[in-house]
Amino acid sequence: MNTKLIKYAVELANYGSYQKVANKHQISRSAVSRNIKRLEEDFGCTLFMKLQDNIVPTCNGDVFLRYARQILNIEDDLRYSIGKEGAYRGNVSVGMGTNRAAMFISNILPDFIEEYPNIAVNVKEMSSTEIVNSIISRQIDFGVVSTTVKSSGLDYEPLLDEELVIVPPGNDTYALEHSIKRGNRRYVRIEDFDGKMFVSGHSGQQSTAIADHLFKYAGISPKIVFRTENCISRSLMAKNSGCYALIPHSYTHVSGIVTPHYHIDSDADLSWKIGIVHVASSEMTKVAATLKLFILDKMKR
C-alpha cells in the first residue's frame, strides 16, 4: 500500500478540502481526487462524501482513518528508529498561542534544531480551544495551552506555573522607590499604581483576565492607553512610552535578554497553569514525543 495515498486521505479528513491538500503538496486538485479514488477502488467502498461545503469521511472512512493514522505513525517511528544517533528524521506539528509561539521560537526551537537538524517542526498559532480540537482531529501532534485540559482521550502534563508581573518604563524610579526586596526579587503593591498609565492585553487572554481581576481586587482604576495581544510588544511599549505593563513572568526572559520587572505583592491569585496536551502517549509518534520531552526539560530548568 502506498503511504503517500494514505497521507492524502488523512489530510483530506483534516482539512475538509481537496484544494487545501493540493495546495500543501503543490499539485492539482484533480490529482488529489484521483488518488483518493484509487484508495476507494482498492478498498471497494466510499471513504469520503461532500457535506455542505466540506469533504467529510463516511462511516467506512472513519474506520479507514483510524488505521491509516496508525500506519503513518508507524512509518514515522520507523524512520526515526533507524536513523543514526543525532540524525533522526520526521515531522511534528505543535499548536500554541501567538505569544507562546514567539517565545518557543526564540528560546527553545533553535536548540532543538541544533540537536535534531533532520526533524521538521511546524508551529501553528491558535487558541487553546483550537488546539484541543486540532489534536482530536489529528491535525497537530500536541499543543501548549494556558489552561488545564480534562478531556477523554487526551493527556495533560503541567509545564510551568505562570504568574503576572509588572514591567516599568525604561527610566522609571517610581516602582523602585515603592518596592521591597525579598530574596532576589523585588515586590510592589498594585494599589500604589492607581491612576498610572498601563499597556494591557485584549479580552480573552489569560493574562488580561488576571490583570482585570487584580485591578478589581485592589479597587483601583488604571488608565489603559494601549492594548495589544503581544506580550513582548507590551513590555517594549512600557519601556519606551512611560507606561507600565502587566505580562506573564516567562516573557521577561526571551532570547537570553531579561526585561526588568517587579513581582506583585497581593492576596489575589495571580498565577495559572501552562501545560502540554496531547493524545495518549502510546499514540504519539517518537518524533512528537522527542520534541515534547525537549520542551518539558527546557521549560522546567
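Structure: above.
Rules behind the numbers
Residues numbered from 1 in each chain as written. Predicted model: local features only at pLDDT ≥ 70, side-chain atom pairs only at ≥ 80, totals over all residues. Heavy atoms only, no water. 1 Å grid on protein atoms, 1.4 Å probe; cavity = no way out; pocket = protein on both sides within 12 Å on 5 of 7 lines; lining within 4 Å. Points joined across faces, edges and corners; volume = space filled by probe spheres on them. Helix = DSSP H or I, 4+ residues; strand = E, 2+ residues; numbered from the N terminus. Nonpolar A, V, L, I, M, F, W, Y, C, P; charged D, E, K, R; others polar. Buried < 20%, exposed > 50% of the residue type's maximum accessible area, 1.4 Å probe, protein only. Lys, Arg positive; Asp, Glu negative; His and termini not counted. Salt bridge = Lys/Arg side-chain N within 4 Å of Asp/Glu carboxyl O. Polar contact = N/O pair within 3.5 Å; in protein donor to acceptor, adjacent residues only side chain to side chain. Contact = heavy atoms within 4.5 Å.

A. Structural detail: empty space enclosed by the protein. In total, this model carries two cavities of 30 Å³ or more according to the counting rule given. Each pocket or cavity is described by its volume, and for the largest cavity that value is around 60 Å³. Together, M96, R100, M103, F104, I108, V144, L159, I295 and M299 line the largest cavity. Every element with two or more residues in the lining of the largest cavity is listed here: α5 (98–107) and α11 (286–299). When residues in the lining of the largest cavity are grouped by element, the largest group, three residues, is from α5. Looking at side-chain class alone, the lining of the largest cavity contains eight nonpolar, no polar and one charged residues. Estimates place the volume of the second largest cavity at around 40 Å³. Contributing to the lining of the second largest cavity are F198, V199, S200, G201, S207, T208, A211, F215, I224, R234 and L246. For the lining of the second largest cavity, the secondary-structure elements that each account for two or more residues are β9 (197–200) and α9 (206–218). The element that contributes the greatest number of residues to the lining of the second largest cavity is α9, accounting for four residues.

B. Here's a closer look at the side chain of D172. Relative to the assigned elements, D172 resides in the loop between β6 (154–167) and α8 (174–177). Buried D172, no salt bridge; nearest opposite-charge side chain is K196, N-O distance 6.5 Å. One polar contact links the side chain of D172 to the main-chain amide nitrogen of Y174, over a distance of 3.4 Å. A distance of 2.5 Å separates the side chain of D172 from the side chain of Y244, its partner in a polar contact.

C. Representation of the environment of M103. Its place among the elements puts M103 in helix α5. Sequence separation between M103 and Y251 is 148 residues, and the spatial gap between their C-alpha atoms is 7.1 Å. Not counting residues within four places of it along the chain, the set of residues in contact with M103 comprises I108, S250, Y251 and M299.

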